Structure formats: C-alpha cells, structure tokens
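Survey of secondary and tertiary structure
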Amino acid sequence: TRELDSYDDRNFLITAVAKDGAYPAAALGKYVLKVHNGVETAHGIVIEAQNEAMSHVRENACWCPSPVPSVQGRLTETTVLPGSDGQLRRHAVRILPYLPAR
C-alpha cells in the first residue's frame, strides 16, 4: 500500500493478493482506495453522480474506473478519521480499479 498524489482527497494504491483461495481471481489486482474530502462527503450527491457517470461511460463508451461494491453491496461507505488538526471527521470512501498510466 502506498499513498498516491492527490489534490483534494487522499488516495492509496492497494494490491489484492490471494490467500488460500479466499478470493476469486477476478478480485485480485490493484485498486485505489479513495478517501473523499469533507466537502464531497457532506454533499453525497456529488459522489453518487460521479459513480453513475463512470458506470455510464464504462457501459457505453470505453473503459473507465467504476466503483467496486463493498461487502455490504454499497458503492460508497463512510468512516471517521482524524483531520490534520486532530478533529474527527466523517469521510466517504470507495474502491476503484487501478489502471497505470501508459
């Protein structure tokens, strides 16, 4: 896992690896764990619109990342994390497939 450069959010490159056949082969690979900033989290409709736009493009035009459903089946989850000032804040998080730059 390593943090990727980002303007507003925090993004982490993660690699899913097989352990004792616990995951289907399709789930293995690299992903981006995206922790959204407080503004986008407070206005969840923005993230929902992004999810819908990515899915539409992927289904009708070309490959683009689409959110991977959580174990609860949701495209976006929330968590509480400390900010740079130490205050706890709610953040939306989601997982996206990673495609390296070419």
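Residues numbered from 1 in each chain as written. Predicted model: local features only at pLDDT ≥ 70, side-chain atom pairs only at ≥ 80, totals over all residues. Heavy atoms only, no water.

The next point concerns the overall build of the protein. Helix and strand counts for the protein stand at two helices and five strands. Reading the helices (α) and strands (β) of the protein from amino to carboxyl end gives β-β-β-α-α-β-β. Summarising its shape, the C-alpha atoms of the protein cover approximately 40 × 35 × 30 Å along the three principal directions. Of the contacts made within the protein by residues no fewer than 6 positions apart, 44% connect residues no fewer than 24 positions apart. Here the protein contributes 11 positively and 11 negatively charged side chains, and the mean placements of these two sets differ by 5 Å. (Helix = DSSP H or I, 4+ residues; strand = E, 2+ residues; numbered from the N terminus. Contact = heavy atoms within 4.5 Å. Lys, Arg positive; Asp, Glu negative; His and termini not counted. Charge placed at Lys NZ, Arg CZ, Asp CG, Glu CD.)

Where strand β4 (residues 77-82) meets strand β5 (residues 88-97), six bridges bridge the pair, whose relative direction is antiparallel. Counterpart to Thr-79 in the pairing with β5 is His-91. Taken together, β4 and the strand that follows it, β5, pair antiparallel across an intervening segment of five residues, in which Gly-86 is found at a positive phi of about 90°. (Pairing = 2+ DSSP bridges.)

Right, let's get into the pairing of strand β2 (residues 10-16). Pairing of strand β1 (residues 2-4) with β2, which is carried by three bridges, proceeds in the antiparallel orientation. Bridge pairing in β2 places Glu-3 opposite Phe-12. The antiparallel hairpin formed by β1 and β2 contains five residues in its connecting segment. Bridge analysis of β2 against strand β3 (residues 29-35) gives seven bridges, and the strand direction is antiparallel. Across the sheet, Leu-13 pairs through a bridge with Val-32, a residue of β3.

In this model helix α2 (residues 44-60) runs 24 Å from its N-terminal to its C-terminal C-alpha over 17 residues, within 8% of the 24 Å that 1.5 Å per residue would give. Ile-47, Asn-51 and Met-54 are the residues of α2 that are buried. Projected onto a plane normal to the axis of α2, the buried residues spread over an arc of 70° and lie on a single side. For α2, the exposed residues lying more than 90 degrees away from the buried face are Ile-45, Glu-52, Glu-59 and Asn-60. Those residues of α2 hidden inside the fold are in contact with α1 (38-42) and β5. (Expected span 1.5 Å × (residues − 1). Buried < 20%, exposed > 50% of the residue type's maximum accessible area, 1.4 Å probe, protein only. Arc of directions from axis to C-beta.)

Read across the sheet, five strands follow the order β1-β2-β3-β5-β4 without closing on themselves; strand pairing throughout is antiparallel. Either end of the sheet is taken by a strand with one partner, and the two such strands are β1 and β4. Each adjacent strand pair in this sheet contributes to an overall mean axis angle of 35°, direction not counted. (Axes fitted to C-alpha atoms, helices over the stretch in contact; angles between N-to-C directions.)

Moving on, we get to the pattern of salt bridges. Inspection of the entire model under this criterion finds four salt bridges. The salt bridge partner of Glu-77 is Arg-74, with a shortest N-O separation of 2.9 Å. (Salt bridge = Lys/Arg side-chain N within 4 Å of Asp/Glu carboxyl O.)

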